[in-house]
Amino acid sequence: MTLTGSMLIGQHAVYGNREAIRAINPATDRPLEPAYHGGSGEHVERACALAWAAFDTFRETSLEVRASFLESIAEHIEALGDELIERAVAETGLPPQRIQGERGRTCGQLRTFARTVRAGEWLDVRVDTAEPSRQPLPRADLRQRQVPLGPVAVFGASNFPLAFSVAGGDTASALAAGCPVIVKAHGAHPGTSELVGRAVAQAVSACGLPPGVFSLLYGSGREVGIALVTDARIKAVGFTGSRSGGLALTQAAQARPEPIPVYAEMSSINPVLLFPAALQARASTLAEGFVASLTQGAGQFCTNPGLLIARAGEALDRFIGAASERLQGCTAQTMLTPGIFNAYATGVSALAEHAQVVARGLPATGPNQGQAHLFITQADAFLANQHLQAEIFGASALLVVCADDVQVRQVCEHLEGQLTATLHLEAADLASASALLPVLERKAGRLLVNGWPTGVEVCDAMVHGGPFPATSDARSTSVGTAAILRFLRPVCYQDFPDSLLPHALEQANPLQLRRLLNGRREV
């Protein structure tokens, strides 16, 4: 497939008329062709008009049609073959194996949502049949289902060119819910976005769906993003990126005459607690796992372990020595974009003004290569200095040394909201860990024991969210099948004749859904 530099508004290739975006190969610092001219308010208007025109038809497609559509997207992405892998590698500097794995995850989550759609439990059907003779008052016939919110704007992420971008989790879950999607592609990987966008558009056509079910826009500044979020036809937003970007979109959405939800994943340093017995038993093993997790993908994961919390002692000293030795042998890795590399270098320099450097990885040998860092500070300093809690996007972590369990709890209470919190423990640590669980449950969306937070499984039970600033809405997840709930709302139908009810609510239950019927869950 030849890259054209065009946007997709429904089934039409359209060229923008604003400043051009060119991907930069971060490994060479050279621009890639073609140029992608940004869209304008006029392009947003056309995409939103098409999405709105498609909404009422798409939201009532059968479960089978919608599930087949998601599967068709996966098939068209896979059909791109090596062309997709090669372009994504060129635009991100990530190795081919990583991109291949991410393609598998992207297609896997599309198929997982297809399974979810077919099962229909997300409709959450509730039926309370009429009781006309009930005293003192009769009860009407009441039936409830979930319906989609409306067209959704999705903003592609920089660090996942496939799994959190054009056909990533936000898009998959919104389409699964029955919401048309307009994607604003990330400027770091426009060619990858065009390839995947065309695959989605081909699936729309192959499944006979309205063209406005999907559009893909580009934009180098704020114009397209703000125009999308403030358009009255957009009813929700999915975003993965910086805190400043997420807050700007949230504020714009809340300032609308009709405010809408923004599901923004923004900032997390993912604390890891190293309990005394665990350190005593396996300091070297913990150091090995920590460094591997810290440096994976140049540290460019939202679940990167950026903060370690531990009590002072000989076992912690052994951990520090082992982690430092391993880190000093780690090669500098190419980061996703020159801008991300520069932000990482600035963040590391700023942290060095407030904390001590324990160890560094090997120095860079090429452009945009991030050198890994491990810093250390004392609990009192951490509690007194908000700069020490700032996220650094890359392979940098801070170790906070505590005098006792009281300080460990103080540090945990001081934390902002997080995507994850990890506990490394042995049997002797259970009492201390148990005492901290209420704090950690208030702080994070996913709690781990004796693991590392990098790596987010796409499944029914996963939560990839957390209190602010990890996300803008702690009640939801952006990964896992529960992500579909972000784009739904309940509607109750009272005393409807059966012929007027949606199929999901008909008395005969033609979709064979598990319903809550008069207070009892049907088997």
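Residues numbered from 1 in each chain as written. Predicted model: local features only at pLDDT ≥ 70, side-chain atom pairs only at ≥ 80, totals over all residues. Heavy atoms only, no water.

A. Structural context of the nonpolar core. Counting 154 residues, the largest nonpolar core has F69, I73, I77, F290, I309 and F319 as its most contacted members. Broken down by element, this core gets its largest block of residues, eight residues, from helix 9 (residues 276-295). A163, F164, F301 and M462 belong to the second largest nonpolar core, which has nine residues in total. (Core = buried A, V, L, I, M, F, W, Y, C linked by side-chain atoms within 4.5 Å. Buried < 20%, exposed > 50% of the residue type's maximum accessible area, 1.4 Å probe, protein only. Helix = DSSP H or I, 4+ residues; strand = E, 2+ residues; numbered from the N terminus.)

B. Geometry of the packing of helix 2 (residues 63-79) against helix 6 (residues 190-206). Running from N to C, helix 2 and helix 6 cross one another at 135°; their axes reach a closest spacing of 8 Å. Classified by the interaxial angle, the pair formed by helix 2 and helix 6 is oblique. When the axes of helix 2 and helix 6 are compared, the crossing they make is right-handed. On helix 6, the residues that touch F69, S72, I73, H76 and I77 of helix 2 are V196, A199, V200, Q202, A203, V204 and A206. Class assignment for the residues of the contact of helix 2 with helix 6 results in nine nonpolar, three polar and no charged. (Axes fitted to C-alpha atoms, helices over the stretch in contact; angles between N-to-C directions. Parallel < 35°, antiparallel > 145°, perpendicular 65-115°, else oblique. Left-handed = near helix turned anticlockwise from the far one by under 90°. Contact = heavy atoms within 4.5 Å. Nonpolar A, V, L, I, M, F, W, Y, C, P; charged D, E, K, R; others polar.)

C. Fine view of the UniProt feature "domain: Aldehyde dehydrogenase" (unreviewed entry) in the chain. Taken from the UniProt record, the annotation "domain: Aldehyde dehydrogenase" (unreviewed entry) applies to residues 18-457. The distance from the first to the last C-alpha atom of residues 18-457 is 39 Å, and the span holds 45% helix and 19% strand. (UniProt positions renumbered as here; feature names shortened; annotations may be inferred.)

D. Unusual backbone geometry, seen in detail. In this structure, P136 follows Q135 across a cis peptide bond, with omega equal to 5°. Here the bond from F468 into P469 is cis, since omega is 5°, no more than 30 degrees from zero. Along the chain, P469 turns up in the loop between strand 22 (444-449) and strand 23 (488-494). Notably, N450 is not glycine yet its phi reads approximately 55°, a positive angle. Within the secondary structure, N450 sits in the loop between strand 22 and strand 23. When its relative accessible area of 39% is taken as the criterion, N450 is described as partly exposed. If you check the backbone angles, N518 has positive phi at about 50° while not being a glycine. Relative to the helices and strands, N518 resides in the loop between strand 24 (516-517) and strand 25 (520-521). Accessibility expressed as a relative area gives 37% for N518, which makes it partly exposed.

E. Examining the packing of aromatic side chains more closely. Enumeration according to the criterion identifies 10 aromatic pairs in this entry. A ring pair is formed by F160 and F164, whose centres lie 5.3 Å apart and whose planes are at 55°; its orientation type is tilted. Here F160 and F164 have matching classes, each one buried. Plain terms: the ring middles of F290 and W452 are 6.2 Å apart, the flat faces sit at 45° to each other, and that makes the pair tilted. Linking F290 in helix 9 with W452 in the loop between strand 22 and strand 23, this pair joins segments that are 162 residues apart in sequence. Relative accessible area serves as the criterion here: at 1%, F290 is assigned to the buried category. Among the aromatic residues, those joined into a cluster by ring pairs are F160, F164 and F301. Sitting above the plane of the Y263 ring, R486 keeps its charged end 5.7 Å from the centroid. (Phe/Tyr/Trp six-rings, centres within 6.5 Å; stacked < 30°, edge-to-face > 60°. Lys NZ or Arg CZ within 6 Å of the ring centre and 35° of its normal.)

F. Examining the side chain of T92 more closely. Mapped onto the secondary structure, T92 falls in helix 3 (residues 82-92). A polar side-chain atom of T92 sits 2.7 Å from the main-chain carbonyl oxygen of A88. (Polar contact = N/O pair within 3.5 Å; in protein donor to acceptor, adjacent residues only side chain to side chain.)

G. Inspection of the pattern of salt bridges at higher detail. Counted by the stated rule, this structure contains 30 salt bridges. One salt bridge in this structure joins R59 and D56, with 3.0 Å as the shortest N-O distance. Residues joined by salt bridges that share partners form a network here, namely D56, R59, E60 and R145. (Salt bridge = Lys/Arg side-chain N within 4 Å of Asp/Glu carboxyl O.)

H. Up close: the sheet that holds strand 14 (residues 271-274). The mixed open sheet is built from seven strands, whose spatial order is 17-19-20-15-14-21-22. Lying at the two open borders of the sheet, with one neighbouring strand each, are strand 17 (356-360) and strand 22. Adjacent strand axes in the sheet meet at a mean angle of 20° when their direction is disregarded. Note: strand 15 (residues 307-311) against strand 20 (residues 396-402), five bridges, orientation parallel. Paired with A310 across the strands is V401, a residue of strand 20. Most of the contacts of helix 11 (residues 338-352) go to strand 19 (residues 373-378), to which it runs at about 30°, and overall it touches strand 19 and strand 20. (Pairing = 2+ DSSP bridges.)

I. Structural context of the pairing of strand 19. Taking burial as the measure, the six residues of strand 19 include five buried ones, the bulk of the element. Across four bridges, strand 17 lies against strand 19 in antiparallel orientation. Note that in strand 19 the partner of R360 across the bridge is H373. Where strand 19 meets strand 20, six bridges bridge the pair, whose relative direction is parallel. Each bridged residue has a counterpart across the sheet, and for H373 the counterpart in strand 20 is S396. Remark: the strand 19/helix 12 (residues 379-384)/strand 20 crossover connection has right-handed handedness. (Right-handed = clockwise from strand over helix to strand, strands pointing away.)

J. Focus on the packing of helix 2 against helix 4 (residues 96-119). Packing of helix 2 against helix 4 leaves a shortest axis separation of 8 Å and a crossing angle of 170°. One finds that helix 2 runs roughly antiparallel with respect to helix 4. Between helix 2, through L63, E64, R66, A67, S68, L70, E71, I73, A74, E75, I77 and E78, and helix 4, the contact on the second element is made entirely by R103, T106, C107, L110, R111, F113, A114, V117 and R118.

K. Looking closely at the state of the cysteines. Tallying each qualifying case throughout the model produces zero disulfides. No disulfide involves C302; its sulfur sits 15 Å from the nearest other cysteine sulfur, which is in C459. With no disulfide of its own, C412 lies closest to C402 among cysteine sulfurs, the gap being 7.6 Å. Judged by relative accessible area, C412 falls into the buried class, the value being 0%. (Disulfide = S-S within 2.5 Å.)

L. Layout of the domain arrangement of the chain. Splitting the chain by domain gives domain 1 (8-106 + 149-266 + 474-487) and domain 2 (271-449). For domain 1 and domain 2, the distance between their C-alpha centres works out to 32 Å. Across the boundary between the two partners, domain 1 contributes 17 residues, which contact 15 residues of domain 2. A combined buried area of about 1200 Å² lies between domain 1 and domain 2, and 57% of that area is made up of carbon and sulfur atoms. Its salt-bridge partner being R243, residue E416 comes within 2.9 Å of it at the nearest N-O pair. (Domains from an automatic or database assignment. Buried area = accessible area lost by both parts, 1.4 Å probe.)

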